[in-house]
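Topology and contacts: notes
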Amino acid sequence: MINAGKLGPGKIVHRIPSSKGELRSLVASVVGELPHDVDEHENLIEYGIDSLGMMRIIGSWHAQGLAVKFCELSERPTLAQWWELVGGRAVSGPVEVPWPQVDPSAPFALDPVQRAYWAGRADGQVLGGVGCHVYLEVDGSGVDAESLRRAVLAVVRRHPMLRARFLADGTQQVLPEPAWTGLTHHDLRALDEDGVRRELDRVRSELSHRRLAVERGEVFDVRLSSLPGGRTRLHVELDSLVADVLSLGVFLHDLAACYAGGAESLPPLTYTFPQYRADLERSRGPVRERDREYWMSRIADLPPAPRLPLACDPAQIGKPVFRRLAHWVDPDRYRRLVALARRHRVTPAMVLATAFAEVLGRWSGQTRVLLDLPVFDRVALHDDVPRVIGAFTNHVLLDVDLSGESFADRVRAVQRRFQADASHGACSAAEVLREVLGHDGPAAPVLFTGDMGGGELLGDRFRESFGELGHAISQTPGAWLDHRLVELDGGLYLTWDHVAGLFETGVVEGMFEVYRDLLEWLLGGDWSVAPPVGLPQSQRVVRAVVAETAGLESGRLLHEGFYEWAEAEPDRVAVVSGDGAELSFGALADRSLRIAGALAGRGVRPGDAVVVAVPGGPDLVAAALGVLAAGGVYVPVAVDAPPDHRRRAVEIASAAFAVSESGCGPWPANVRVVPATACGHAPLPRPVGVRATDPAYVLLTGPEGRPGGVEVSHRSVVNTLEDVTERFGVGAGDRVLAVSPVGSDLAVFDLFGLLGSGGAVVLPDDGGRADPGRWAELCERHGVTVWNSTPERFAGYLSAARGSGDRLRLALVSGGRVGSDLPARFRARCPQGRFVALGGAAGAAIWSSAFEVDGVPDGRPVPWGFALRNQRYRVVDPAGRDCPDRVPGELWIGGLGVAEGYRGDPVRSSAAFVWWEGRRWYRTGDLGRFRHDGALEPLDVEELSGNARRR
């Protein structure tokens, strides 16, 4: 790809063209075409010129004093436009620069990338303590150990950096003799297959993550395992302190050449990496400060690292161990990808970087993704540069914006961003980041290493001598995930090297599956739409299974069960007051029907809203039942609520009636008040008939200054109550302590769930509603079997309940995060008790999911679990897509539990209650995520922001 004229040390390869014909010849040599075949008006990217080729040309021109930018060439990518840029442009320096020779044995400074790699080797670094290192195995046959030893020594003599050591003061020095002491030969020919496998596993374990002693000059190793049947395995490891990926290819090429024909089969090298480093510093001096200022201004606007689902804080990993996922794109498909990229005037590397970022964005919930791109930085300062082993790597921090309408738009935007950033490589992003952060480390923890354009990793001669690539792995200190691209066998070898144990179970595997699916879509060729970045197949299957919640509906009304029990067993206890007074089903039904009669007599008709503001006690229960029996919609309000709150309740519900007591006012003038003690009024003979789809109640929710009234139908709430009572066996023998505020949806279960099942409600007196000690006393005295409250109230009860008379068999806890300590504390007190965490939201009927804790919790908060009957959940990203497992998003609730909307507020209703794929959903505004088993976990903003800061 580079003109290799015999120009001698310190000379330039790509001369500045003096005519359009010379420029045409230069371009033709780079793209592998004949000069007359290069049309001066055709896009050069479509001819196959890539970023690497352009950067090599620019590097040579910079060294000659021609100040042309990468972005100038890439944004005007035709021969004619290049000539407009280059032809006649002033040159600030001589064509050939006779820079002084460096002392090859003198220590010289690490470049910023080497320094970051070197610092990351030290113990105590986050995800450090490893070398930036590549290890590979080549499986073949008939490799001769002695010939291999001589070949390795010849390569070491040829390349000074294979004899380099790294000193404690942050410098590097080439030694006269290599630290490599000779070939380690593992002769396994006498072992059986099990023995061979054990030994090969041991060697892999030893070498694949070895931290070479670079301070002593150990920067590489080559070993040979001889196996039964003439088979062999070549083990190669190389530290990135001395070799970039292209250098690995040079190492393998030269090793094969020396093995087959000796050192004399290779042309001599007259240029070294130490000389290159000195020459590069001189050539980049004039623009270095400009590029440093560019990166300082860019870093402030860069997005954060991808917020991928982590199993732990990276600092907890210790010394990381990397695992690899791999995929091979065969030659035909690779050629198809290249052709499509050229058609859209982008490079294949940018196509794959964008596709990688699409998947990262899906798993992080971000529309801007930060990638660390190690890039080839072999400036053509000499014709030997392509054949030198050295650390020619630079880093570009790439801000990938995924907001474009189509994939083609997005990849073009990414390419423009990369071209602008790559043209400021005189100062590395790693160097600037070190200035900003005050320490060395990876520029970003997710890397995209597009090793394309450098040719085949394993050439034909290497394969003939040593065999085919088998296992391979790489590590980079501080990195979470490194996506590498290598041209192999005419195709493209894609790998993801990731830190084992850092990510949640299945996260990397799921991302890799979706990435492969996205590549298949790209090969289809329609890049004019947004890419379909879906869910892994296994997650789609689990989601489909947990969404199968369909069940029968009874069609009953919220109060219907209570009146049936009142008719069948009128003497059964329904309500127990705090002072021990009991009220039967029959007596409660009579009181409620008298209130219903009073409401009907004052003009209440089916569907009318009636505010209920009654102190907690039997009168409150009778009032709620009475409103429903009159066909009304009850709107509970606390008796101690300020007048403005009552006024808002009346306005929101459009209520013209209230059930209250003296002293609970004042009320707006248009509200007709029925006393809760209207026992002298003639009762209705039976409840007024309404439809199951009619509203049952309105609950005020939202901020105090601007609450909304969520309207819930009989059908919705009955679906929830019947599922929960049947699922957990709530029946006539149960009693619940009603500790939840009257205006909360938990109180709906206390009243109608228990009474509708023939159970009883124990009502604390006003003084005991906030007293955990009083709760414990009432539970013990009245044989309470069911608890229903928020986690905070249940924790208070457990702390207060120290007696031995506890009969609780079922704890229903909801309305907040449920810590793992609660079920453990409950189980210690009630070993046979059932602990259930439930999830829901104001815009659905009480609860929408449940999770029964079985056994000892794992230390994490208890999940909300799985959707209840006829209900379902979604976790949605900002683009409205289902989030993958462990990825936070907004919780949506669907199914029968969804409320009718915000009463009298169509604007708020249309924003919160939406249609998607033929179903109506409630957007809760809360955060959550799915576990791998399909269970739902709630999240709070503080936890999410804390995770983001940690990561």
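Residues numbered from 1 in each chain as written. Predicted model: local features only at pLDDT ≥ 70, side-chain atom pairs only at ≥ 80, totals over all residues. Heavy atoms only, no water.

**Thoughts on the side chain of arginine 463**
Looking at where arginine 463 falls in the secondary structure, it is placed in helix α15 (residues 460–466). In terms of polar contacts, arginine 463 uses its side chain to reach the backbone carbonyl oxygen of leucine 458, at 2.6 Å. At 2.9 Å, the side chain of arginine 463 and the side chain of glutamate 468 are in polar contact. Those residues in contact with arginine 463 that sit more than four places away from it in its chain are Glu456, Leu458, Glu468, Leu488 and Asp489. (Helix = DSSP H or I, 4+ residues; strand = E, 2+ residues; numbered from the N terminus. Polar contact = N/O pair within 3.5 Å; in protein donor to acceptor, adjacent residues only side chain to side chain. Contact = heavy atoms within 4.5 Å.)

**Quick look at the environment of alanine 629**
Along the chain, the position of alanine 629 falls in helix α20 (residues 618–629). Discounting residues that sit within four places of it in the chain, alanine 629 has contacts with His559, Tyr563, Leu593, Ala596, Leu684, Pro687 and Val688.

**What to know about the pairing of strand β13 (residues 481–488)**
On a regular strand, each side chain points to the face opposite its neighbour's, so the side chains alternate between the two faces of the sheet. Where burial is concerned, most of β13 is hidden: eight out of the eight residues are buried. Side chains Leu481, His483, Leu485 and Glu487 of β13 all project onto a buried face; the interleaved residues Asp482, Arg484, Val486 and Leu488 project onto the opposite face, where all are buried too. Here strand β11 (residues 446–451) pairs with β13 via six bridges, running parallel. Bridge pairing in β13 places valine 446 opposite leucine 481. Where β13 meets strand β14 (residues 491–499), eight bridges bridge the pair, whose relative direction is antiparallel. In the strand pairing of β14, leucine 485 is matched with leucine 494. Hairpin connection of β13 to β14: two residues between the antiparallel strands, including aspartate 489 at a positive phi of 55 degrees. (Buried < 20%, exposed > 50% of the residue type's maximum accessible area, 1.4 Å probe, protein only. Pairing = 2+ DSSP bridges.)

**Things to note about the pattern of salt bridges**
All chains considered together, the criterion is met by 66 salt bridges. Across the pair glutamate 564 and arginine 556 runs a salt bridge whose closest N-O atoms are separated by 2.7 Å. With relative accessibility at 24%, the residue arginine 556 sits in the partly exposed group. The closest approach of N and O atoms between arginine 572 and glutamate 569, which form a salt bridge, is 3.1 Å. Since its relative accessible area comes to 26%, arginine 572 is described here as partly exposed. Salt bridges linked by common partners bring Glu199, Arg202, Glu206, Arg210, Asp221, Arg223 and Glu237 together as one network. (Salt bridge = Lys/Arg side-chain N within 4 Å of Asp/Glu carboxyl O.)

**Some points on the confidence of the model for the protein chain**
Detailed reading of the predicted model is not advised wherever pLDDT is low. Looking at the protein chain as a whole, the pLDDT averages 88, with 90% of positions reaching at least 70. Note on residues 1–13: pLDDT under 50 across the span, and 43 contacts to partners over four residues away in sequence or across chains. Overall, residues 945–951 carries pLDDT values under 50, and its contacts beyond four positions in sequence, including any with other chains, amount to nine contacts. (pLDDT = per-residue confidence, 0-100.)

**Focus: the sheet that holds strand β7 (residues 231–239)**
Across the sheet, five strands lie side by side as β5-β6-β7-β2-β12; this open sheet has mixed pairing. Sheet topology places β5 (184–187) and β12 (468–475) at the edges, where each strand pairs with a single neighbour. Averaged over all adjacent pairs, the angle separating strand axes in this sheet is 15 degrees, with direction ignored. As paired strands, strand β2 (residues 133–141) and β12 are joined by six bridges and run antiparallel to one another. Bridge pairing links valine 134 to serine 474 in β12. Against the sheet, helix α8 (residues 193–208) engages β2, β5, β6 (220–226), β7 and β12, with an angle of about 10 degrees to β7. (Axes fitted to C-alpha atoms, helices over the stretch in contact; angles between N-to-C directions.)

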